[in-house]
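# Structural description and commentary
Below are the chains, spelled out letter by letter.
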Amino acid sequence: QLCLATPRASARSARRGRARASAAMPAAEQAEPPEERDDDGDDEEDVLPDNWFIRLVHGIAWLLTVVLSVVSLGFIGYQLYALYIPYCKAKLTGDQSYRFPEYFYRVYGNEIADLNSEHWGYLGSCAAVSFVSIKYVVPKHPFQSRGAAADHEKVE
């Protein structure tokens, strides 16, 4: 016999099945065995092993994050110096003779006259990602001693 159940009916029957199973099982059997949790109450499967491969991958990822954060700060500084600050200064003073840097016209064409939300969005998103990276990732370097790493609390 072929039964074509709708998604709503399938979800309803699944909920009923779980309810019957939990009603049939005493509360003591439903609880997770205490040996599967460590002293902090974390599941064993959530705790990363402290082996050389994990430490190597963590170190490489951290170094790449530091390098890319420094490079992005350099790019932000250059763009502010070469494009954004002169543009804002020309707009505020009413300087009609201001021209963007030559590379800007190669990308956007000669008809561009103003910076639009795309350009400000690039600057803002790069600055936001750099800020988050420098504030939350760079200070937590993987080269600390193992004793300090063992005291690290899991953030959920």
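Details of the structure are given in the entry above.
Bear in mind the structure is a predicted one, so any value in this text is a computation, not a measurement.

## Some remarks on the overall build of the chain
Helix and strand counts for the chain stand at six helices and zero strands. The linear arrangement of helices and strands in the chain, starting from the amino end, is α-α-α-α-α-α. When burial is assessed residue by residue, the chain has 15% of its 156 residues classed as buried. In the chain, once contacts between residues fewer than 6 apart in sequence are set aside, the share between residues at least 24 apart is 56%. Summed over its atoms, the accessible surface of the chain is roughly 12600 Å², and 61% of this surface lies on carbon and sulfur atoms.

## With respect to the pattern of salt bridges
Enumeration according to the criterion identifies one salt bridge in this entry. Linking D114 and K91 is a salt bridge whose minimum nitrogen-to-oxygen distance equals 2.7 Å. Here the residue D114 occupies a position in the loop between α4 (102–108) and α5 (117–137), and K91 occupies one in helix α3 (residues 52–93), the gap between them amounting to 23 residues. Exposure remark for K91: the relative accessible area of 48% places this residue in the partly exposed category.

Thresholds, definitions, all that
- Chains are numbered independently. Their residues run from 1 in the order of the written sequence.
- Selection of residues for local features in this predicted model requires a pLDDT of at least 70, selection of side-chain atom pairs for listing and counting requires 80 or more, and totals for whole chains, interfaces and linings are taken over all residues.
- Neither water nor hydrogens contribute to the side-chain values; these are computed over all heavy atoms in the structure.
- Think of it this way: any DSSP run of H or I at least four residues long counts as a helix, any run of E at least two long counts as a strand, and we number them from the N terminus.
- When accessible area is computed with a 1.4 Å probe and restricted to protein chains, residues below 20% of their type maximum are described as buried, those above 50% as exposed, and intermediate ones as partly exposed.
- Contact between two residues is taken to exist if any of their heavy atoms lie within 4.5 Å; hydrogens are not considered.
- Surface accessibility in these figures is a Shrake-Rupley result with a 1.4 Å probe; residues are shielded only by whichever protein chains are displayed.
- Salt bridge criterion: a side-chain nitrogen from Lys or Arg within 4 Å of a carboxyl oxygen from Asp or Glu.

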